[in-house]
Amino acid sequence: MLAEKVPLKDNLLAVIVPHTLWNDGAPWLMDLQKEGAVIQPYSFVPGRHPEYYQAQLEAAAKDLYQSWGAL
């Protein structure tokens, strides 16, 4: 547990979320984007095995890192 709260503004670089959340225009995601966070959606297909989602998350994270020049 942290002794102090860490504000998301200027500290949160990105959020990786299912495309369904992003496409639905979740207000909290829009707020994070306005504060400078990159919203990186991944394809959500109901009923897939958890390993599918793990692969989707890894691919989305890799895309972000590559776009930032970190890879």
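Below or above, wherever it landed, is the structure these notes cover. As the structure is a prediction and not an experimental result, all values here were calculated from the model. (Residues numbered from 1 in each chain as written. Predicted model: local features only at pLDDT ≥ 70, side-chain atom pairs only at ≥ 80, totals over all residues. Heavy atoms only, no water.)

### Side note on the nonpolar core
Selection rule: Nine residue types can take part in a nonpolar core, namely buried Ala, Val, Leu, Ile, Met, Phe, Trp, Tyr and Cys, and a core is a set of them joined through side-chain atoms within 4.5 Å. Between buried and exposed lies partly exposed: a residue is buried under 20% and exposed over 50% of the maximum accessible area for its type, with that area taken using a 1.4 Å probe on protein chains only. Secondary structure is summarised from DSSP: a helix means a run of H or I of at least four residues, a strand means a run of E of at least two, and numbering begins at the N terminus for each.
Judged by nonpolar contacts, Val 15, Val 17, Ala 26, Leu 29, Leu 32, Ala 37 and Ile 39 together constitute the single largest core of seven residues. Secondary structure elements with two or more residues in this core: β1 (14-18) and α2 (27-34).

### So, the packing of aromatic side chains
Threshold: Any Phe, Tyr or Trp ring, taking Trp's six-membered ring, that has another such ring centre within 6.5 Å forms a pair; planes under 30 degrees apart are called stacked, those over 60 apart edge-to-face, and the others tilted. In this analysis the charged atom, NZ for Lys or CZ for Arg, is taken to sit over a ring once it is within 6 Å of the ring centre and within 35 degrees of the ring normal.
Within the structure shown, the criterion is met by three aromatic pairs. Ring geometry for Phe 44 and Tyr 53: centres 5.4 Å apart, planes at 20 degrees, overall stacked. Residue classification places Phe 44 among the partly exposed residues on the basis of a relative accessible area of 31%. Aromatic ring contacts, followed pair by pair, group Phe 44, Tyr 52 and Tyr 53 into a single cluster. One Lys or Arg, Arg 48, reaches over the ring of Tyr 52 and ends 4.5 Å from the middle of that ring.

### Examining a nonpolar patch on the surface
For clarity, the threshold we go by: In this scheme, patches are assembled from residues that exceed 30% relative accessible area and form no salt bridge. Like charges are connected within 9 Å, while nonpolar side chains (Val, Leu, Ile, Met, Phe, Trp, Tyr) are connected within 5 Å. Residue-level accessible areas treat just the shown protein chains as cover; the underlying method is Shrake-Rupley with a 1.4 Å probe. Salt bridges, as used here, are contacts in which a Lys or Arg side-chain nitrogen is within 4 Å of a carboxyl oxygen on Asp or Glu.
A surface patch of nonpolar side chains, amounting to about 470 Å² of accessible area, comprises Leu 13, Tyr 65, Trp 68 and Leu 71. Its location among the elements puts Trp 68 in the segment after α3 (50-67). By relative accessible area, which is 40% here, Trp 68 ends up partly exposed.

What is shown is where atoms sit, not what they do.
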